[in-house]
Amino acid sequence: MESGKNTRKVILDIENLSVSFSQYDKGFAKADLDVIRDLNVTVHEGEMVAVVGSSGSGKSLLAHGILGILPYNARLGGRMLYEGEELTRKRQEALRGNEIVLVPQSVAFLDPLMKIGPQIRKGKKDAAAREKLDRIFEGYHLKKEVQELYPFELSGGMNRRVLVSTAMMGNPRLVIADEPTPGLHMKMVRRVMEHFREMADRGAGVLLITHDLEQALEVADRVAVFYAGTTVEDADVKDFIKEETLRHPYSRALWRALPQNGFRFIGGTQPYVKDMPKGCPFGPRCDRYCEACQGEIPYRKLRGGKVRCLYAQ
Amino acid sequence: MILEAKHISFRYGKETRQILNDFSLKLSQEERLGLIAPSGFGKTTFCKILAGYEKPDVGEILLDGRPVSDYKGYCPVQMIWQHPEQVVNPRLRMREVLAEGDHLEQRVLDGLGIEPDWMNRYPAELSGGEMQRFCIARALGERTRFILADEISTMLDLITQSQIWSFLVDEVERKGIGLLAVSHSMPLLKQVCTRVRDLEEELRG
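Notes on the structure in this doc start here. Residue positions are given per chain, counting from 1 as you read along its sequence in written order. The order in which chains are written sets their letters, starting at A; the order in which ligands are written sets their numbers, starting at 1. In view of the model being predicted, local features appear only for residues whose pLDDT reaches at least 70, and side-chain atom pairs are presented and counted only at 80 or more, with totals across whole chains, interfaces and linings using the full set of residues. Side-chain calculation: all heavy atoms of the structure are included, whereas hydrogens and water are not.

On to empty space enclosed by the protein. Lining residues are those with an atom within 4 Å of a point, where the points come from a 1 Å grid over the protein atoms alone and group into cavities, where a 1.4 Å probe fits but cannot get out, or pockets, open sets with protein on both sides within 12 Å along at least five of seven lines. Grid points are joined across faces, edges and corners, and a volume is the space filled by probe spheres set on the points. If you walk through the whole model with that rule in mind, you get 2 cavities of 30 Å³ or more. Classification convention: Asp, Glu, Lys, Arg as charged; Ala, Val, Leu, Ile, Met, Phe, Trp, Tyr, Cys, Pro as nonpolar; all other residues, Gly among them, as polar. Here the lining of the largest cavity is composed, by residue class, of 9 nonpolar, 2 polar and no charged. By volume, the second largest cavity amounts to about 50 Å³. Residue lining of the second largest cavity: A:Val52, A:Gly53, A:Ser54, A:His211, A:Leu213, A:Tyr250, A:Leu254, B:Asp157 and B:Leu158, and that is the complete set.

Quick look at the structure:
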């Protein structure tokens, strides 16, 4: 994990992304649900960036937003740049599955009517594709017979390994892994993570979306801390060694809650989308909450990282 | 009370892999036992057998020397699952989900940080952490004597994990409930348990 990222090319740059859904509330009244409000993340080539947030914080929508596969009632705001150019719908369609690949969160993303082998090879039948898939499957302890099965015939752990294999088939520039490891054993988690790491070391950008901070700290170069629809901090993994080098009060609270760092906790829960506070989403749980925190809070540079807090120093 | 698993062996169906193989374990009401086991050992299956959801092929589960299956009505051994969204009825409001428990105390709901407003929501309107709080409350009924916690905080963020465990440890101590905690994280088990069994080491010899 070397730094010097400033000289590297930016592959993905996401600025103040917002995602909202229009929903029918009561009767015919429509309500807008702002699930993501301000998401910022940058991925350089050769870099593995983890977006860490708890379940229900809306982080999967980031992956779907980048690929242009959000449901029809979703509205996007903010800016997404891929290789320096706006990521338009047309580009998304051309790039996804080729330069940009997704390792999805659930097996519901597989075609239930297509056998595993042809599905992962994307219909390619040539010897090279077959051989490559055989090799990838071998690495994940998947027998050759698995290629002849349909998704419903696999166990949870096998399905998970099949999903990860999809990303290894091509030569992607950007890999988006959305919670790729729940339900896998620690050994397999390590292997999967090592593979993502290798892809980054060969020059791809890897965006790991996870709730597991400990896992992210093991493999990633940088961590974007995501809280209730907002990126609150962008930090180098090294910043997580000590509490003092972290910038946002939420990141520090996360740090203190690690079992090996004291297992201490703060009160309250992450707000539900419908009762989101104004301004800083962490405000109601923060010691330094005041009126100014209810206004707009800029995402600013601080000590080599970034933070969305008025008081961080 | 003593909860005892004696020489448990189990497999799902005839043609499948042997999951548990002659496994024994003893747990008293005063202790919190942590369990770390290798992949494919059958941790969840073992919890399901202890709680009476599955019958072992060989061996027995005894509660104070009597088979657990002899206890009629409310089961004194209650399990909390890894994925809360899979163990609540999606069509029930959370108030009704809690009604499945056994004389729950308001104190427990308050201690778990369950807000009154959440009661009227459906499971889909809660986050994983919020829902897991309900599942823990539901398991902490009046007649519960043992709690089996199967990776209950893997899906949660660290702060919620710490909140929930701190409450659960206090509560089982206060009520004299025995606890079995299954996790892959040794630092976590060291924080919450009085004793840890590392089966990866035991099996290596």
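The rest of the description comes next.
Residue and element names in this part refer to chain B. Axis definition: a line fitted to C-alpha atoms, limited for helices to the stretch in contact. Angles are taken between N-to-C directions and run from 0 to 180 degrees. Think of it this way: any DSSP run of H or I at least four residues long counts as a helix, any run of E at least two long counts as a strand, and we number them from the N terminus. Put simply, helix α4 (residues 128-139) and helix α5 (residues 158-175) touch, their axes get as near as 11 Å, and they point 10° apart. Considering their axes alone, α4 and α5 lie roughly parallel with respect to each other. Here Gly 129, Arg 133 and Ile 136 of α4 come into contact with α5, specifically with Thr 160, Gln 163, Ile 164 and Leu 168. Here the contact of α4 with α5 is built from residues that sort into 3 nonpolar, 3 polar and 1 charged. Orientation labels follow simple angle bins: below 35 degrees gives roughly parallel, above 145 gives roughly antiparallel, 65 to 115 gives roughly perpendicular, and whatever is left gives oblique. The criterion used for residue contact is that any of the two residues' heavy atoms lie within 4.5 Å.

Now for the pattern of salt bridges. One side-chain nitrogen of Lys or Arg within 4 Å of one carboxyl oxygen of Asp or Glu is enough to make a salt bridge. Overall, the coordinates contain 29 salt bridges over all chains when judged by the stated rule. Ionic pairing is found between A:Glu45 and A:Arg173, a salt bridge with its closest N-O pair at 3.4 Å. Here A:Arg173 lies in the loop between α5 (156-169) and β7 (174-178) and A:Glu45 lies in the loop between β2 (30-44) and β3 (48-52), a separation of 128 residues in the sequence. For A:Arg173, a relative accessible area of 22% gives the class partly exposed. Close ionic contact of B:Glu171 with B:Arg107 constitutes a salt bridge, the shortest N to O distance being 3.0 Å. Highlighted residues: B:Glu171 in helix α5 and B:Arg107 in helix α3 (residues 106-111), separated in sequence by 64 residues. Buried residues are those whose accessible area, probed at 1.4 Å on protein chains only, stays under 20% of the maximum for their type, while exposed residues exceed 50% and partly exposed ones sit between those limits. Here B:Arg107 falls in the partly exposed class, since its relative accessible area comes to 28%. One salt-bridge network, in which partners are shared between bridges, spans A:Lys9, A:Glu45, A:Glu83 and A:Arg173.

All names here are of chain A. Note that strand β1 (residues 10-24) and β2 share 11 bridges and pair antiparallel. When the sheet's bridge partners are listed, Leu 17 is paired in β2 with Leu 39. When DSSP finds two or more bridges between two strands, those strands count as paired. Between β1 and β2, which pair antiparallel and follow one another directly, the connecting turn spans 5 residues, one of which, Gly 27, has a positive phi of 60°.

A word on the sheet that holds strand β7 (residues 146-150) of chain B. Residue and element names in this part refer to chain B. The 5 strands are arranged β6-β7-β8-β3-β9 in an open sheet whose pairing can be described as parallel. The sheet terminates laterally at β6 (77-80) and β9 (195-198), the two strands that pair on one side only. Neighbour-to-neighbour, the strand axes of this sheet turn through a mean angle of 15°, independent of strand direction. As defined by bridge partners, strand β3 (residues 32-36) adjoins β9 across 4 bridges and the pair is classed as parallel. Within the sheet, the bridge partner assigned to Gly 34 lies in β9 and is Val 196.

In this complex, chain B contributes 27 residues to the contact, which on the side of chain A involves 27 residues. Computed with a 1.4 Å rolling probe, the buried area is the accessible surface lost when two parts are put together, summed over both parts. Across the chain B to chain A interface the summed buried area is about 2,200 Å²; carbon plus sulfur atoms make up 62%. The largest share of the area that chain B buries against chain A comes from B:Met155, B:Leu158 and B:Ile159, three residues that together contribute 28% of it. Between the two partners, chain B and chain A, sit 1 salt bridge. Note that A:Asp275 and B:Arg121 form a salt bridge whose closest N and O atoms lie 3.6 Å from each other. Think of a polar contact as two N or O atoms within 3.5 Å of one another; within protein, one of them needs to be a possible hydrogen donor and the other a possible acceptor, and neighboring residues in sequence only count if both atoms come from side chains. The interface formed by chain B and chain A holds 5 residue pairs in polar contact (both at pLDDT 80 or more) in total. Put simply, the parts of the chain that give the side of chain B that touches chain A at least two residues each are α4, α5 and α6 (186-192) of chain B. The residue inventory of the side of chain B that touches chain A, partitioned by class, reads 9 nonpolar, 12 polar and 6 charged.

Note: disulfide means a covalent bond formed between the sulfur atoms of two cysteine side chains. We call a pair of cysteine sulfur atoms a disulfide whenever their separation is within 2.5 Å. Applying the stated criterion to the full structure yields 0 disulfides over all chains. Between A:Cys286, a cysteine without a disulfide, and A:Cys309, which holds the nearest cysteine sulfur, the sulfur-to-sulfur distance is 6.2 Å. Between B:Cys75, a free cysteine, and B:Cys47, which holds the nearest cysteine sulfur, the sulfur-to-sulfur gap is 13 Å.

Bringing the packing of helix α8 (residues 249-257) of chain A against α5(B) into the picture now. Two numbers describe how α8(A) lies on α5(B): the axes approach to 8 Å, and their chain directions differ by 45°. By the angle class used here, α8(A) and α5(B) are oblique. Considering only the axes of α8(A) and α5(B), their crossing is left-handed. Contacts from A:Tyr250, A:Ala253, A:Leu254 and A:Ala257 in α8(A) reach B:Leu158, B:Ile159 and B:Ser162 in α5(B). For the contact of α8(A) with α5(B), the per-class residue count stands at 6 nonpolar, 1 polar and no charged. Each crossing gets its hand from how the near helix is turned against the far one by less than a right angle, where anticlockwise is left-handed and clockwise is right-handed.

All names here are of chain B. Taken in spatial order, the 4 strands line up as β2-β1-β4-β5 in an open sheet, and their pairing is antiparallel. Strand pairing shows two members of the sheet lacking a second neighbour, β2 (20-28) and β5 (66-67), which therefore form its edges. With 2 bridges connecting them, strand β4 (residues 58-63) and β5 associate as antiparallel partners. Within the sheet, the bridge partner assigned to Leu 62 lies in β5 and is Pro 67. Strand contacts of helix α1 (residues 43-50): β1 (2-10), β2 and β4, with the helix running at about 125° to β1, the strand carrying the most contacts.

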